[in-house]
Number of protein chains: 2
Amino acid sequence: MSLIQLYDTTLRDGTQAEDISFLVADKIRVAEKLDELGIHYIEGGWPGSNPKDISFFREIKKVRLTQAKVAAFGSTRRAKTTPDKDNNIRTLIQAEPDTVTIFGKTWDFHVREALRISLEENLELINDSLAYLKNHVGEVVYDAEHFFDGYKANPDYALQTLKAAEAAGVDCIVLCDTNGGTLPHEIPAIMEKVRATVATPLGIHAHNDSECAVANSLMAVACGAVHVQGTINGFGERCGNANLCSIIPALKLKFGHECISDEQLKTLRILSRTIYEMANLIPNKHQPYVGNSAFAHKGGVHVSAIQRHPETYEHIRPELVGNVTRVLVSDLSGRSNILAKAEQFNINLDSKDPLTQEILENIKDLENRGFQFEGAEASFELLMRRALGTLRHYFSVIGFRVIDSKRHEEEKPSSEATVQVKVGGRIEHTAAEGNGPVNALDHALRKALESFYPQLRDVRLFDYKVRVLPAGKGTASMTRVLIESGDKTSRWGTVGVSDNIIDASYQALVDALLYKLVKDQEQAG
Amino acid sequence: MSLIQLYDTTLRDGTQAEDISFLVADKIRVAEKLDELGIHYIEGGWPGSNPKDISFFREIKKVRLTQAKVAAFGSTRRAKTTPDKDNNIRTLIQAEPDTVTIFGKTWDFHVREALRISLEENLELINDSLAYLKNHVGEVVYDAEHFFDGYKANPDYALQTLKAAEAAGVDCIVLCDTNGGTLPHEIPAIMEKVRATVATPLGIHAHNDSECAVANSLMAVACGAVHVQGTINGFGERCGNANLCSIIPALKLKFGHECISDEQLKTLRILSRTIYEMANLIPNKHQPYVGNSAFAHKGGVHVSAIQRHPETYEHIRPELVGNVTRVLVSDLSGRSNILAKAEQFNINLDSKDPLTQEILENIKDLENRGFQFEGAEASFELLMRRALGTLRHYFSVIGFRVIDSKRHEEEKPSSEATVQVKVGGRIEHTAAEGNGPVNALDHALRKALESFYPQLRDVRLFDYKVRVLPAGKGTASMTRVLIESGDKTSRWGTVGVSDNIIDASYQALVDALLYKLVKDQEQAG
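Definitions and cut-offs
- Residues numbered from 1 in each chain as written.
- Chains lettered and ligands numbered in written order.
- Predicted model: local features only at pLDDT ≥ 70, side-chain atom pairs only at ≥ 80, totals over all residues.
- Heavy atoms only, no water.
- Core = buried A, V, L, I, M, F, W, Y, C linked by side-chain atoms within 4.5 Å.
- Buried < 20%, exposed > 50% of the residue type's maximum accessible area, 1.4 Å probe, protein only.
- Contact = heavy atoms within 4.5 Å.
- UniProt positions renumbered as here; feature names shortened; annotations may be inferred.
- Helix = DSSP H or I, 4+ residues; strand = E, 2+ residues; numbered from the N terminus.
- Buried area = accessible area lost by both parts, 1.4 Å probe.
- Salt bridge = Lys/Arg side-chain N within 4 Å of Asp/Glu carboxyl O.
- Polar contact = N/O pair within 3.5 Å; in protein donor to acceptor, adjacent residues only side chain to side chain.
- Pairing = 2+ DSSP bridges.
- Axes fitted to C-alpha atoms, helices over the stretch in contact; angles between N-to-C directions.
- Phe/Tyr/Trp six-rings, centres within 6.5 Å; stacked < 30°, edge-to-face > 60°.
- Lys NZ or Arg CZ within 6 Å of the ring centre and 35° of its normal.

Participant: Lay out the nonpolar core with the relevant residues and their values.
Facilitator: Formed by 193 residues in total, the largest nonpolar core has its most connected members in A:F147 and B:F147. Non-local contacts of B:F147, meaning those with residues more than four positions away in its chain, are made with B:T106, B:A158, B:L162, B:L175, B:C176, B:I190 and B:V194. Counting residues in each nonpolar core, the second largest holds 83 residues, with A:A440, A:A448, B:F400 and B:I502 among its members.

So this is what it looks like as structure tokens:
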């Protein structure tokens, strides 16, 4: 069937969410992940609105994306000026994106109250803004803001704004449910009217304020939309945007639309979790398709039935989106889970090998204690190698001590760390200062190891994330630390878990340095 | 307009969720809350499946519900017996509910594979089970399990099962999307067929596996359903059931159906949070209508607009469901956010007052240094009060020291903190241990302050997030710590930024305790 364009705005509308704030480096990594998933358009930001987004468009040019187009977002020109003199539009062109998406006003009420211009002027600035951009950028998408509310308030005017956009020769007209108040049964009649008015390909941009964003997007596709805007995990302002993690499998498995490949669809779950990690948010276990509970069955009738025929209580095969069936009474999940995970990291676990069972138990135990290996592939690989006996003994850690102090308000806080490690049969006892305890520990560890392994000088700590895990009954809450390190050629993530944040950080640091040694050995062959 | 029956199954289908288990006493309290909200039917459980549910039906008789009917759930009789001899059906009658709801098989595939009986036998046991119950119970509802999947597989047979139920004189036939795989655009044609086949009032029971449960329920109502089954907050197995907290406001405010009173609708948010509390789950802040972020605005453009006309970016007035508009402060935000924020804290910032400009500059400066005030409203309020000189002097911090150590691999890491604070002209120098440095600092700080401010004993630390911010040229990278604290009545967020994670945590901890003192003073008037 026909191809549907997937347009991701996690990096623009998604960052409007209360709890999400990406650094430019994060945005680049997210863009790479979206490209791997097979997303067609990546909306990187609004260069006119903040400097962080301008640098994103500069940085993304240095990245080779396999197929995704990079889109920049902005608005129609201001009143009483011309597009060539409008700063916002100039910045959009200077960002040199593959595609420009600008929004304009559809709702007469907004034109009068927000823009405070005449309805006629609004039609002009939609048309000349788009026409000007069309002459300077390869592809132009028009977001008709508040389309559905505008149509309900004044259908004729709402349709006129779309005609003004079509007259400018835009490549796609996107109907936005900006406030998320539209319900699915309203969509068919409205879209029929729109299709009778304009011939330009149509898109949908839905928000979740009525808990109908995914449904409205799919309804629009059923009514002829060929372009769907949304975010990973439904991140977005207020109640979020349409969730691409639910839309993509529906388009592929239920509508039969070819949007991404079967192989790419199998990576949906891990992609979803990676983006949660980057945003430092806890995944929603009940999330459709990709959540831990999405295919979890509680004992009884269901279980015996799904053993024989999964389709009796599962709307799709979980494997298709990289998820697994879980039976909660006797958790059969672990094994297949971890075999699948090992496969993701190219480690060949033979399920018949008795050693495999031991590794599985070990990993299940770690996961129960709060370890989490999405985003910590390096720690996972070290763990596997240890169990398989393919991890060379480079050094062993004995102990550490860190002192952080600040004696009076004006004084700059100081951190001093001492570590004891055993290298080549000798105990190295070193001390170092740093900006904070983790930095001090890092310095002390390197000091002890660099004389033996000079290549550790290349290792840099890029990111450090901490998550407090909810405490079980009567237990102290655990802390999980994820560290991203790298050298000139690559980057890797490591994890540590402890009820003590310093101890957890120490574990992740040690893994980070150890992985560097393993990796270099590998490459040396 | 017509009355829609609200049928809540939080206590039955809702408890199928992986993470939910209610005691009988909890179930009684939930039932009382549902009755107060105006729910028409409360499905209390499946007496045939477990003793806990049997005692619920015994206990609930002692409670005077204002209007809700209590429903008991079960299945059609087993094969090769008669209804009067079937244990499950006998138990249903013994539970003496106002209403009995039983499910039967619609999908021929299930009849053959799960029940392993002939299609004809299945029609008989649906009909005689319902007819028998109808003679012994006031009201009988029929749940057509897997109706939509069954209809797609074999429409004629699916419709025959409904006719068998209608022939028994049931009061309502509920079309179940048991696997949650149905999409809204499929519903109109199917329901048209159903309505052409049976005259019995129709209901809808949807699951959220396609993220369409709310949409499918509303679509069914648009197609003539008059009975809607769901759960509070969408609790339920796998991805959950249809969320009544999103369905009820849509029915009342968008369809104009009189299901509950305006006053009852205003209690929706509190009800939602109370049920989360009883289930010991953290509320979803992005939940439509009732979530903390449901009406939270971050973008500067949006904010200035909603100040003048809320309807520009809000699909309903939050007050109608007991929620409020919130304005977030962040790097995307303009002057208008900050002014609105001040207003929210009853702090009068006149945009012409030179002091306002100073505060704005101060905030911009702090944001450039890595501070982030969304999720840290408490720190933001303290900041404004300091600038305005309306912050009372409760205590001042002088210094701290933390020692974390682990002497050998087997040893459990330990943390000890000492702090010096000045309270009432006296210097308090205290020390304490803890699980990790932050916990130790927290203990030491309280130890120093609790004798002066006993109310600090109520403060709990709920969440702790750390973010490393990228280093500028020649500068150390900064660490941002966000802490969420709370007491019996409310929760608040504080932030600290430093190149030392312990120092940043210390700042956020101090703000958290200071805010508690300010808040209590406010309430004391």
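This is not the end of the story, as more comes after the structure.
Participant: Account for the UniProt feature "domain: Pyruvate carboxyltransferase" (unreviewed entry) in chain A, naming residues and giving values.
Facilitator: Those places that UniProt annotates as "domain: Pyruvate carboxyltransferase" (unreviewed entry) correspond, in this numbering, to residues 4-266 of chain A. End-to-end, the C-alpha atoms of residues 4-266 of chain A are 18 Å apart, and along that stretch the chain is 44% helix and 17% strand.

Participant: Before we move on, could you go through the interface of chain B and chain A and cite the residues and values that matter?
Facilitator: The interface of chain B with chain A comprises 103 residues on the first partner and 101 residues on the second. Here chain B and chain A share an interface that buries about 8,500 Å² over both sides, 53% of which is from carbon and sulfur atoms. Looking at the side of chain B facing chain A, the largest losses of area belong to B:E18, B:R238 and B:R467, adding up to 9% of the total buried there. The interface formed by chain B and chain A contains 4 salt bridges. Here B:K406 makes a salt bridge to A:D503, at a shortest N to O gap of 3.6 Å. Connecting chain B to chain A are 26 residue pairs in polar contact (both at pLDDT 80 or more). For the side of chain B that touches chain A, the element with the highest residue contribution is strand β11 (residues 396-406) of chain B, accounting for 10 residues.

Participant: Let's hear about the sheet that holds strand β1 (residues 5-8) of chain A: which residues, and what values?
Facilitator: Residue and element names in this part refer to chain A. Taken in spatial order, the 8 strands of this closed barrel run β1-β2-β3-β4-β5-β6-β7-β8, and their pairing is parallel. The average angle at which neighbouring strand axes cross in this sheet is 25 degrees, direction not considered. For strand β7 (residues 202-206) and strand β8 (residues 227-230), the ladder comprises 3 bridges, and the chain directions are parallel. Note that in β8 the partner of H205 across the bridge is Q229. The strands touched by helix α9 (residues 213-222) within the sheet are β6 (172-177), β7 and β8, with β7 carrying the most contacts at an inclination of about 170 degrees.

Participant: I'd like a description of the packing of aromatic side chains, backed by residues and values.
Facilitator: Think of a pair of aromatic rings as described by two things: how far the centres are apart, and how the planes are tilted against each other in angle. One pass over the structure, following the stated rule, counts 24 aromatic pairs over all chains. Relative to A:F57, the ring of A:F56 lies with its centre 5.3 Å away and its plane at 85 degrees, an arrangement referred to as edge-to-face. Between B:W107 and B:F109, the ring centres sit 5.4 Å apart and the planes meet at 50 degrees, which makes this aromatic pair tilted. Residue B:W107 is classed as buried on the basis of its relative accessible area, which comes to 11%. Among the aromatic residues, ring-to-ring pairing joins A:W46, A:F73 and A:F103 into one connected group. Above the face of the A:F73 ring, A:R12 is positioned so that its terminal group lies 3.5 Å from the ring centre. Above the plane of the ring of A:F56 lies A:K27, whose end atom (NZ or CZ) is 5.5 Å from the centre.

Participant: So what about the pairing of strand β13 (residues 426-434) of chain A? Which residues, and what values?
Facilitator: All names here are of chain A. Where strand β12 (residues 414-423) meets β13, 9 bridges bridge the pair, whose relative direction is antiparallel. Each bridged residue has a counterpart across the sheet, and for V421 the counterpart in β13 is E428. Counting the residues between successive antiparallel strands, the hairpin from β12 to β13 contains 2 residues, one of them, G424, with a positive phi of roughly 50 degrees.

Participant: Which residues make up the environment of A:P437, and what are the values?
Facilitator: Take A:P437: it is sitting in helix α17 (residues 437-449). A:P437 gets classed as buried once you look at its relative accessible area, which sits at 1%. Taking the C-alpha atoms as reference points, A:P437 and A:R401, separated by 36 residues in sequence, lie 9.4 Å from one another. Apart from residues no more than four positions distant in its own chain, A:P437 is found in contact with A:V402, A:D404, A:S415, A:I502, B:N500, B:I501 and B:I502.

Participant: Lay out the pattern of salt bridges in plain terms, naming residues and giving numbers.
Facilitator: All names here are of chain A. Taken as a whole, this structure holds 72 salt bridges over all chains when the rule is applied. Residue E319 is joined to R317 by a salt bridge in which the shortest nitrogen-to-oxygen separation is 3.5 Å. Overall, the relative accessible area of 37% leaves E319 in the partly exposed class. When its relative accessible area of 39% is taken as the criterion, R317 is described as partly exposed. Shared partners join several salt bridges into a network, and the residues in it are D458, D487, K488, K516, K519 and D520.

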